[in-house]
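Residues per chain are reported as follows:
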Amino acid sequence: MLRRGRLLLHLASALAVWASCTLATPSHGQRLRQLDGGVVSLTDLNFDDQLANGKPWMVTLNAHYCQLTRELEHAFDKLAGKLHPDVSVGKIDGAVERGLLSRFQLRNLHAVYHINGTETRQYCEGHACEGSRLQTNQLVKFAQEGWRTQPPRTGCTSPVSRCGKAVGSITRLPAKFKSTYLHLHNDLQYSDLTLFAGLLAVPVVVGLSFICMLDARCEMQISQAALRSAARLQLQGRLARAAPRPAIRGCCTSASSTETADAAPERDARAQQQAQQQAPARKRRKIDPMTPPPPASEFPAWEPRDFFRFELLHTSKKSGARVGRIHTPHGIIDTPGFVAVGTNAALKAVDGPWADAEGQQLMFCNTYHLLLHPGADVVAAAGGLHAFMNRQRPLITDSGGFQVFSLAYGTVHEEVNSLKRGTGKSKHKLEHNLVAKIAEEGVTFRSYRDGTKMLLTPESSVQAQKQLGADIIIPLDELPPYHTEQSVLEASLQRSHRWMARSLKTHLADIRQQAMYGVVHGGLSLELRQRSIDYLTSLPFDGFAVGGSMGKNRADLFWLLEQIMPRLHERSSGKPVHILGIADPASIPQLVTYGCDTFDSCYPTRVGRHGTMLTKDGPLRVVSGQYKTAFRPPVEGCTCHTCRTHSLAYLHHLAKAREPLLASLLAIHNLHHMNGLMAQLRQQILDDQI
Ligand SMILES: [Zn+2]
């Protein structure tokens, strides 16, 4: 519709301009003055038209009020009769046709010229004409042959040269404007007001037309650029699918943003060639989504690791709660234990030693973010993640899949909230573009940092985690959205199982003192959860995690884990169980009773950044005005650095002053609170209180 509207506007503009020009321009016949006998009266308006008749011209230029003029006119009347029809004869009233006077660059009137094509020759000027007392016979001789003896005038001195015509066009404008006005006003009966409005309308219409054309041109260029970009991306996508699977950041198969433009055609050609070569392989990759994963018989039996083991210390007589220790190459993790999340190999606003001092043992780092920056190869060059961040305690990394699929579907919390608001997935429409394709080979996504296209496969995820070198690693799995049909969920589960099997094979080929946890999926379907437990526990994983959608609220979560944890414990041979992404103080005490061992969440550090302290009595907002003069420890009895060092009033002041220090101080306290809570729960389990 928009394009059609612009086209109509263009047509209307063109019509208006045409109409204006047509109405404002007198007809050819009206422009010419009446012939004066055999001598043509030449004016600014008809000069060029008359001289274009293909004949030579004899032209006299004089003034009507002069005596000599009358003599010249008399001679020219006779001349016209004698030269007719071979030579045309004309006269110009220089006192009226000032424009023509400037074209001849004449200083004095009374001149006679011979004009033949683009050449102008002068016979006489001013007193020369008067002195010679022009004789008709002399003029005839000059018109026939005499002109050849005179040198032609050149450049702007000739009224019929290009320069002369240009001068004429300019000097003709006032006369043309005046004649147009008279024609419109007298002949066509337009009022002055109408003519003034029309005069204004013409430039407005022309200007609008010009703007519309510019706009249309810009839009066309943008469209062409978008098409070129789409074609390039499509080609890069083929390259990403066709190229051999790389080892590390290597999973990035598209061109980097720093690649030069000169290399692009060569790269495209290579991409096409590789895509053609790999086409049969891709066809083999297309499999039925319901294809079951490889059986356990394809894997070696699990054997106890000397570098990693779960030591069960006590199981509560009151519930499934248990106390244990996970022994890793970088130390012990007491369970049930809280796992702090340091997405970019750093806790938000908290240095590693500060967290260690508050009892933090295991830290969770995100492979997705570390792949994008600084890259697994950089971390490997530093000696691994422990050396890179100078941490001597245990680390766990995920596969990167969670972040990729969160970009596509959002978290369960976001999905539920968006549906409640009736906004669907609008929040993720923009982010959805970051996930290009989910295929059997892996998931293709775009870096949120620079848009670089990357392919994450089970193999490349494990290889990246090998380079990061965490104590516990996670295989690649698919995270389906919360609201999913059963058939889609089942297909997703099968794909997750196939991906985890590939991940495990890659891991077992090069274990490097790392433990791998299988991730139990299946959403809220008990049947699928049980199937997932049965399959994954048949494989030689060192531990298990519970992931995927676990309901929209705490009740769903508790119900699900209560149902599946006994089966998982029964079949996992006493291996540790981690709950992915859930570690809020309200959930943990109940989850512990199901025998869950570790819990990760960024909740404590995140709420700390936003001014909330976790206490056994609930959240404490330090920004509240009631704490302005609370010169007492923020949380009575807390032994964390913050509560030992600062008053609640000081924290309130930092919050009001928006000091970054507040985030550190509150995160330190919250980590201390979480680890204290876990220690308290461990003691309660040992005492069979829960
Ligand atoms: Zn404290």
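Residues numbered from 1 in each chain as written. Predicted model: local features only at pLDDT ≥ 70, side-chain atom pairs only at ≥ 80, totals over all residues. Heavy atoms only, no water.

The name an unreviewed UniProt entry gives the chain is Queuine tRNA-ribosyltransferase, with Chlorella sorokiniana as the organism.

This part is about the overall build of the chain. A tally of regular secondary structure across the chain gives 26 helices and 21 strands. The buried share among the 690 residues of the chain stands at 48%. Contacts spanning at least 24 positions in sequence make up 70% of the contacts within the chain whose residues lie at least 6 apart. About 33500 Å² of surface is accessible on the chain, with carbon and sulfur atoms providing 56% of the total. (Helix = DSSP H or I, 4+ residues; strand = E, 2+ residues; numbered from the N terminus. Buried < 20%, exposed > 50% of the residue type's maximum accessible area, 1.4 Å probe, protein only. Contact = heavy atoms within 4.5 Å. Areas by Shrake-Rupley, 256 points an atom, 1.4 Å probe, with all protein chains shown as cover.)

Another point: a nonpolar patch on the surface. Where nonpolar side chains cluster on the molecular surface, the patch consists of Val204, Leu208, Phe210, Ile211, Met213 and Leu214 and spans about 590 Å² of accessible area. Looking at the element boundaries, Phe210 is found in helix H9 (residues 192-242). (Patch = residues over 30% accessible without salt bridge, like charges linked within 9 Å, V, L, I, M, F, W, Y side chains within 5 Å. Salt bridge = Lys/Arg side-chain N within 4 Å of Asp/Glu carboxyl O.)

Relative orientation of the contacting elements helix H4 (residues 67-83) and helix H7 (residues 136-144) amounts to 50°, with a least axis distance of 9 Å. Here H7 runs oblique to H4, going by the angle between their axes. Considering how the two elements wind past one another, H4 and H7 form a crossing that is right-handed. Across from Ala75, Phe76, Lys78, Leu79, Lys82 and Leu83 in H4, the residues of H7 making contact are Thr136, Asn137, Leu139, Val140, Ala143 and Gln144. Among the residues forming the contact of H4 with H7, the class breakdown is seven nonpolar, three polar and two charged. (Axes fitted to C-alpha atoms, helices over the stretch in contact; angles between N-to-C directions. Parallel < 35°, antiparallel > 145°, perpendicular 65-115°, else oblique. Left-handed = near helix turned anticlockwise from the far one by under 90°. Nonpolar A, V, L, I, M, F, W, Y, C, P; charged D, E, K, R; others polar.)

Here the zinc ion is held by the protein donor atoms Cys638 (SG), Cys640 (SG), Cys643 (SG) and His669 (ND1), which lie 2.0 to 2.3 Å from it. Here the zinc ion is ringed by four donor atoms whose angles at the metal span 106 to 116°, and the overall shape comes out tetrahedral. Read in sequence order, the donor residues for the zinc ion give the motif C-x1-C-x2-C-x25-H. Within this pair, whereas Cys643 is found in helix H24 (residues 641-645), its partner His669 is found in helix H26 (residues 661-686), the two being separated by 26 residues in sequence. (Donors = N, O, S within 2.8 Å, 3.2 Å for Na, K, Ca; no water. Tetrahedral: all angles 85-135°; square planar, octahedral: opposite > 155°, others 65-115°.)

A separate point is H26. In this model, H26 (26 residues) spans 38 Å end to end at C-alpha, consistent with the 38 Å of a helix rising 1.5 Å per residue. Burial analysis of H26 places 19 of its 26 residues in the buried class, which makes it a mostly covered element. Of the residues one or two after H26, Asp688 is the one with positive phi, at around 55°. (Expected span 1.5 Å × (residues − 1).)

Right, let's get into helix H25 (residues 648-656). Where H25 is concerned, the buried positions are Leu648, Ala649, Leu651, His652, Leu654 and Ala655. Residues of H25 that are buried sit in contact with strand E20 (612-613), strand E21 (620-621), H24 and H26. Arg658 sits one or two residues past H25 and shows a positive phi near 55°.

Looking now at the sheet that holds strand E8 (residues 331-335). The three strands are arranged E6-E7-E8 in an open sheet whose pairing can be described as antiparallel. Across the chains shown, the open sheet's two edge strands, defined by having one partner strand only, are strand E6 (309-315) and E8. Taken over all neighbouring pairs, the strand axes of this sheet differ in orientation by 15° on average, direction set aside. In this structure, strand E7 (residues 322-328) lies alongside E8, joined through five bridges in antiparallel fashion. Within the sheet, the bridge partner assigned to Gly324 lies in E8 and is Thr335. Strands E6, E7 and E8 of the sheet are contacted by H26, whose axis makes an angle of about 125° with E7. (Pairing = 2+ DSSP bridges.)

In this section: the pairing of strand E4 (residues 111-116). Burial analysis of E4 places five of its six residues in the buried class, the great majority of the element. Sheet topology note: the strand E2 (residues 57-62)/E4 ladder contains five bridges and is antiparallel. Counterpart to Val59 in the pairing with E4 is Tyr113.

This paragraph deals with the pattern of salt bridges. With the rule as written, the count across this model stands at 19 salt bridges. Residue Arg502 pairs with Glu459 through a salt bridge whose shortest N-O separation is 2.9 Å. Placement of the pair is Arg502 in helix H19 (residues 486-508) and Glu459 in helix H18 (residues 458-468), with a sequence separation of 43 residues. Each member of the pair, Arg502 together with Glu459, is buried.

Turning our attention to the nonpolar core. Within the largest apolar cluster, 92 residues are counted, with the highest numbers of intra-cluster contacts made by Leu385, Val546, Leu561, Leu591 and Phe599. Tallying contributions element by element places H26 first for this core, with eight residues. In this structure Val546 touches Val520, Arg529, Leu561, Ile564, Met565, Leu568, Val577, His578, Ile579 and Leu580, once residues within four positions along its chain are discounted. With 19 residues, the next largest nonpolar core counts Val112, Cys124, Ala143 and Trp147 among its residues. (Core = buried A, V, L, I, M, F, W, Y, C linked by side-chain atoms within 4.5 Å.)

Moving on, we come to the confidence of the model for the chain. Chain-level pLDDT for the chain is 81 on average; 79% of the residues reach the 70-or-more range. Low pLDDT (under 50) marks residues 233-284, which in the prediction has 62 contacts with non-local residues, meaning those over four places away or in another chain. Long-range and interchain partners of residues 422-432, a stretch whose pLDDT sits below 50, account for 15 contacts in this model, where long-range means more than four residues apart. (pLDDT = per-residue confidence, 0-100.)

The peptide bond linking Thr335 to Pro336 adopts the cis configuration, its omega dihedral lying at -5°. Structurally, the position occupied by Pro336 is in the loop between E8 and strand E9 (337-341). Following His373, the chain continues into Pro374 via a peptide bond in cis, with omega recorded as 5°. Within the secondary structure layout, Pro374 lies in the loop between helix H12 (367-372) and helix H13 (376-381). Here the phi dihedral of Ala345 falls at roughly 60°; this positive angle occurs in a residue that is not glycine. By the element assignment, Ala345 lies in the loop between E9 and helix H11 (352-357).

Right, let's get into the sheet that holds strand E10 (residues 362-365). Reading around the circumference, E9-E10-E11-E15-E16-E17-E18-E19 is the order of the eight strands in this closed barrel, with parallel pairing throughout. Bridge count for E9 against E10 is three bridges, and the pairing is parallel. Each bridged residue has a counterpart across the sheet, and for Val341 the counterpart in E10 is Phe364. Contacts from helix H20 (residues 526-536) reach strand E16 (515-520) and strand E17 (543-546) within the one sheet, and its direction differs from that of E16 by about 155°.

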